[in-house]
Amino acid sequence: EELIRFANAQKVKTFLDADGEGFLKGVLAHPYLIKPNIDELSSYCGQTLSSDEDVIDAALKLIHQGIQKVMVSMGDNGAIYVDADHCYRAFCPKVDVASTVGAGDSMVAGFVAGYQESGDYEYAFHMGLSAGSASAFSENLATAEEVKNLFNTIHKK
């Protein structure tokens, strides 16, 4: 929370991917983007988010509280991205998960890299989903080639 507030005062965009108390306190400082998974967002809201509409409503509430962008990872059920002007839903092909360690970090990194490359939030979201999923499907963090291959298989809803 303190680091996000400090960065915000310096006009630096912050991205929050945390769980538990780190997530709860970090959200209070209004980071630029948060990347909770579905369980973390459900816990934050105090209710099970069982539909896309529930997830979108929860994301919009966070946006109304001052967070600009919300990207929710939903395991093998894809991800949802919401900001004040956009809402995107996407899926990767279902494959066996090797490890989820680093997948959230990879999703955030893929989003940042995708946005720097294109300046387009939908493209950035798809890059984030690709990077996070590719890392979950790999024994180690994904390679650039694995991310690109997965990017080409994303389907939108």
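The rules behind these values
- All residue numbers refer to position in the chain's written sequence, counted from 1.
- Residue-level local features of this predicted model are given only where pLDDT is at least 70; pairs of side-chain atoms are given and counted only at 80 or more, and the full residue set underlies all totals for whole chains, interfaces and linings.
- The basis for every side-chain value is the complete set of non-hydrogen atoms in the structure, without hydrogens or water.
- Strands are runs of DSSP state E lasting at least 2 residues, helices are runs of H or I lasting at least 4, and numbering of each runs from the N terminus.
- We define a polar contact as two N or O atoms separated by no more than 3.5 Å, with the added condition that, inside protein, one atom must be a possible hydrogen donor and the other a possible acceptor, whereas residues neighbouring each other in sequence contribute only through side-chain atom pairs.
- By definition in these notes, contact holds between two residues if any of their heavy atoms fall within 4.5 Å.
- Two strands are said to pair when DSSP picks up at least two bridges between them.
- Here the term buried applies to any residue with accessible area under 20% of the maximum for its type, exposed to any over 50%, and partly exposed to those in between, with areas from a 1.4 Å probe on protein chains only.
- Salt-bridge detection follows one rule: a side-chain nitrogen of Lys or Arg within 4 Å of a carboxyl oxygen of Asp or Glu.
- Stacked, tilted and edge-to-face are the three classes applied to pairs of Phe, Tyr and Trp rings, where Trp contributes its six-membered ring and a pair requires centres within 6.5 Å; stacked means planes under 30 degrees apart, edge-to-face means over 60, and tilted covers the rest.
- Each ring is checked for a lysine NZ or an arginine CZ that lies within 6 Å of its centre and within 35 degrees of its normal; such an atom marks a charge sitting over the ring.

A. Representation of the side chain of Asp52 within the structure. Summarising the element assignment, Asp52 is placed in helix α4 (residues 52-64). Here Arg89 takes part through its side chain, which lies 3.0 Å from a polar atom of the side chain of Asp52. Those residues in contact with Asp52, other than ones at most four positions away along the chain, are Met74, Ile80, Arg89 and Lys157.

B. Geometry of the sheet that holds strand β3 (residues 69-73). Reading across from one edge, β1-β2-β3-β4-β5-β6 is the order of the 6 strands in this open sheet, with mixed pairing throughout. Each edge of the sheet is formed by a strand with only one pairing partner; in this case those strands are β1 (15-16) and β6 (155-156). Relative to β6, strand β5 (residues 87-91) runs antiparallel, the two being bridged by 2 bridges. Looking at β6, one finds that Phe91 is bridged to His155.

C. Local environment of the pairing of strand β4 (residues 79-83). Summarising burial for β4: 5 of the 5 residues are buried, a large majority. Every second residue of β4 is oriented toward a common face, with Ala79, Tyr81 and Asp83 on one face and Ile80 and Val82 on the other, all of them buried. Pairing of β3 with β4, which is carried by 5 bridges, proceeds in the antiparallel orientation. Residue pairing for β4: Lys69 is matched across the bridge by Asp83. What sits between the antiparallel neighbours β3 and β4 is a turn of 5 residues, in which Gly75 has the positive phi angle 60°. Both β4 and β5 contribute to a ladder of 4 bridges, which runs antiparallel. Pairing of Ala79 across the sheet is with Ala90, part of β5. The turn joining β4 and β5, which pair antiparallel and follow one another in sequence, is formed by 3 residues.

D. A look at the pattern of salt bridges. Overall, the coordinates contain 5 salt bridges when judged by the stated rule. Where Lys25 meets Glu21, a salt bridge forms, and the shortest distance between an N and an O atom there is 3.0 Å. Linking Lys25 with Glu21, this pair stays in helix α2 (residues 20-28), spanning 4 residues, or about one helical turn. By relative accessible area, Lys25 is classed as partly exposed at 40%. Assessed through its relative accessible area of 54%, Glu21 is described here as exposed. A salt bridge links Asp83 to Lys69, with the shortest nitrogen-to-oxygen separation between them at 3.4 Å. Note that Asp83 is positioned in strand β4 and Lys69 in strand β3, a separation of 14 residues in sequence. Among the residues examined, Asp83 registers a relative accessible area of 5% and is labelled buried.

E. The arrangement of the packing of aromatic side chains in detail. Scanning the entire structure with this criterion turns up 10 aromatic pairs. A network of ring pairs unites the aromatic residues Tyr81, Tyr88, Phe111, Tyr115, Tyr121 and Phe125 as a single cluster. The positively charged end of Lys69 is found above the aromatic ring belonging to Tyr121, 4.0 Å away from the centroid.

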